[in-house]
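Listed below are the residues making up each chain.
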Amino acid sequence: MSTSLWRQEVSKLEAYVPGKSIEEVKKQYGLSEITRLASNENPYGPSPKAIAAMNAAAAESHLYPEPTSAELRHKLGELYEVDPAQVLISNGADNVLMLIGQAYVNPGDEVVYCVPTFSVYRTSTVVMGGVPVEIPLTEDYKFDLDRILASVNEKTKLIYVCNPNNPTGTIVDSDALGAFLSRVPPHVVVVLDEAYGEFIDVEGYKTGAEYVREGYPVISVHTFSKLYGLAAMRIGYAIASKEVLAPVLAVREPFPVSRMANAAALASLEDTDYRDFILSTNREGIRYLTAELGALGIDVTPSYSNFVLANLHRDAVPVVDALLRVGFIVRPCRSWGYPEHIRITVGSPEQNRRFVEALRPIMNA
Ligand SMILES: Cc1ncc(COP(=O)(O)O)c(C=O)c1O
């Protein structure tokens, strides 16, 4: 079939290229054990309470889910001190970002963000006929809020700030973010993608929901894929004022979240001990990887997430290949314009230790 039948905007896009799957690597290299440190997944999996809740919900799979995720919105409303009507649940943060594009971007509207960052901002803009305005990160790999502001004009509709940013793990200064939001003109909506926001470990750091409570036209986007280990369940959410959420709700499909995903998310929020355990092992993992990689001459960007960006100071591709051969999948960063970097998800202490053991001879070779 000719691509001339495609919508024009779609021909500007390419299908997402996923990293190598565990099954693929096992087969290709004849390995029985693989450790994937490439997709920023939770190394421990979901809370046992979430697994029990999913099992119970599975028996009701013949019934459509409750369409508004009312109980979960109520729980999140309590957690973030917002009205449950200010919370929208959908089928993963990816889906929330695509819905924001559908809700807000007219052909010709400009959407500003820094690069490299999460690829879905571009997709959700281009597919709607919007114009992505891509500004480089600062030298220390942070969103350049001043340059973003300088590029805002009457055509600007959305600004994305990925905080912490994927793939760099960096955050913007809390004071700088507050000052930035107060300078954004009222015809622009700011999307704070906080998929990794729960990992920020800075005393007094202000996150998206607080800006929403203060009345800024901000959409704070979250996921249950990372901290809560529910990546396969596909559930994420947005927090914003009712007015800002209204068009997003209007384009959302009727039943975007399965019963199992809803049940798992609720149980995960209740299991605060498990959440604290994940946060503390992640913190320790960042410390460990930063120190151990540093000892190998690798520069690790200070990370506020569950992954680290590591500058190997040499072509990363042979290193990534050598790691694959011994059963470790990490993310090469060439497609983000960093040919000498890899992105490593923080694993369990045991996985981190084995990873460093595997990397050492490769770096010393
Ligand atoms: C910055 C960022 N935003 C959003 C997402 C999407 O999360 P979800 O799994 O909920 O679709 C990811 C996933 O990796 C991400 O890195």
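No experiment lies behind these values; they were computed from the predicted model shown.

A. Focus on the overall build of the protein chain. Looking only at helices and strands, the protein chain has 13 helices and 13 strands in total. Against the compact-globule benchmark of 21 Å for 365 residues, the protein chain has a radius of gyration of 21 Å, which places it among compact chains. Residues classed as buried in the protein chain amount to 53% of the 365 residues present. By sequence separation, contacts in the protein chain at least 24 residues apart represent 74% of the contacts at least 6 residues apart.

B. Here's a closer look at the UniProt feature "modified residue: N6-(pyridoxal phosphate)lysine" (unreviewed entry) in the protein chain. Mapped onto this numbering, the UniProt entry gives "modified residue: N6-(pyridoxal phosphate)lysine" (unreviewed entry) at Lys226. For lysine 226, a relative accessible area of 15% translates into the label buried. Not counting chain neighbours up to four residues away, the residues in contact with lysine 226 comprise Ser39, Asn40, Asn42, Ala195, Tyr196, Phe199 and Asn306. A polar side-chain atom of lysine 226 sits 3.5 Å from a polar atom in the side chain of tyrosine 196.

C. Expanded view of the packing of helix H12 (residues 316-325) against helix H13 (residues 349-364). At a minimum axis distance of 10 Å, the contact between H12 and H13 shows a crossing angle of 130°. The orientation of H12 relative to H13 falls into the category oblique. H12 and H13 meet at a crossing whose hand is right-handed. Touching Val319, Ala322 and Leu323 of H12 are Phe355, Ala358, Leu359, Ile362 and Met363, all from H13.

D. Spatial organisation of the site of the ligand. In the vicinity of the ligand, 13 residues are found, and the nearest of them are Ala93, Asp193, Thr223, Ser225 and Arg234. Residue aspartate 94 places a main-chain N or O atom 3.0 Å away from an oxygen atom belonging to the ligand. Here an oxygen atom of the ligand sits 2.5 Å away from a polar atom, N or O, in the side chain of threonine 223. A total of 390 Å² of accessible area belongs to the ligand in isolation, and the protein chains cover 92% of it. When grouped by side-chain class, the residues that make up the shell around the ligand number five nonpolar, four polar and four charged.

E. Broad picture of the domain arrangement of the protein chain. Segmenting the protein chain into domains produces domain 1 (17-45 + 273-364) and domain 2 (48-270). Once you take the C-alpha centre of each, domain 1 and domain 2 turn out to be 26 Å apart. Each partner contributes to the interface: domain 1 provides 22 residues, whereas domain 2 provides 23 residues. Summed over both partners, the interface of domain 1 with domain 2 comes to about 2000 Å²; 63% of that surface belongs to carbon and sulfur atoms. A per-residue breakdown of the area domain 1 buries against domain 2 is headed by Arg275, Tyr304 and Trp336, which together make up 29% of the total. At the junction of domain 1 and domain 2, the tally comes to one salt bridge. Between arginine 283 and aspartate 201 there is a salt bridge, with its nearest N and O atoms 3.7 Å apart. For the interface between domain 1 and domain 2, the tally reads six residue pairs in polar contact (both at pLDDT 80 or more). If you list the elements that add at least two residues to the side of domain 1 that touches domain 2, you get helix H11 (272-295), strand E10 (307-311) and strand E13 (341-345). Counting residues per element, the side of domain 1 that touches domain 2 draws most heavily on H11, at six residues. Here the residues of the side of domain 1 that touches domain 2 sort into nine nonpolar, 10 polar and three charged.

What counts and how
- Throughout this document, residue positions are counted from 1 along each chain, in the order its sequence is written.
- Only residues with pLDDT of at least 70 are given local features in this predicted model, and only at 80 or more are side-chain atom pairs given and counted; all residues enter the totals for whole chains, interfaces and linings.
- Excluded from the side-chain calculation are hydrogens and water; included are all heavy atoms of the structure.
- Only DSSP runs of H or I covering at least 4 residues are called helices, and only runs of E covering at least 2 are called strands; the numbering of each starts at the N terminus.
- When we talk radius of gyration, it's over C-alpha atoms, and the globule rule is simply 2.2 Å times the number of residues to the 0.38.
- The rule is simple: take the accessible area with a 1.4 Å probe, protein chains only, and divide by the maximum for that residue type; under 20% is buried, over 50% is exposed, in between is partly exposed.
- In what follows, a contact means two residues having at least one pair of non-hydrogen atoms within 4.5 Å.
- UniProt positions are given in the numbering used here, feature names are shortened, and annotations may be inferred rather than shown by experiment.
- Throughout this description, a polar contact denotes any pair of N or O atoms lying within 3.5 Å of each other; where both atoms belong to protein, one of them has to be capable of donating a hydrogen while the other can accept it, and for residues adjacent in sequence the pair is counted only when both atoms sit in side chains.
- Between the N-to-C directions of two axes lies an angle of 0 to 180 degrees, each axis being a line fitted to C-alpha atoms and, for a helix, fitted only over the stretch in contact.
- Any angle that falls under 35 degrees is termed roughly parallel, while one over 145 is termed roughly antiparallel, one within 65 to 115 roughly perpendicular, and all others oblique.
- For any pair of crossing helices, the crossing counts as left-handed if the nearer helix is rotated counterclockwise from the farther one by less than a right angle, and right-handed if it is rotated clockwise.
- Only heavy atoms are used to decide nearness, and a residue is near a molecule or strand if one of them lies within 4 Å of it.
- Areas reported as accessible are Shrake-Rupley estimates using a 1.4 Å probe. Residue values count occlusion only from the protein chains shown.
- Side-chain classes follow a simple rule in which Ala, Val, Leu, Ile, Met, Phe, Trp, Tyr, Cys and Pro form the nonpolar group, Asp, Glu, Lys and Arg form the charged group, and the remainder, Gly included, forms the polar group.
- The domain limits used here are those given by an automatic or database domain assignment.
- Accessible area that two parts lose when put together, evaluated with a 1.4 Å probe and summed over both, is termed the buried area.
- For this analysis, a salt bridge means a side-chain nitrogen from Lys or Arg found within 4 Å of a carboxyl oxygen belonging to Asp or Glu.

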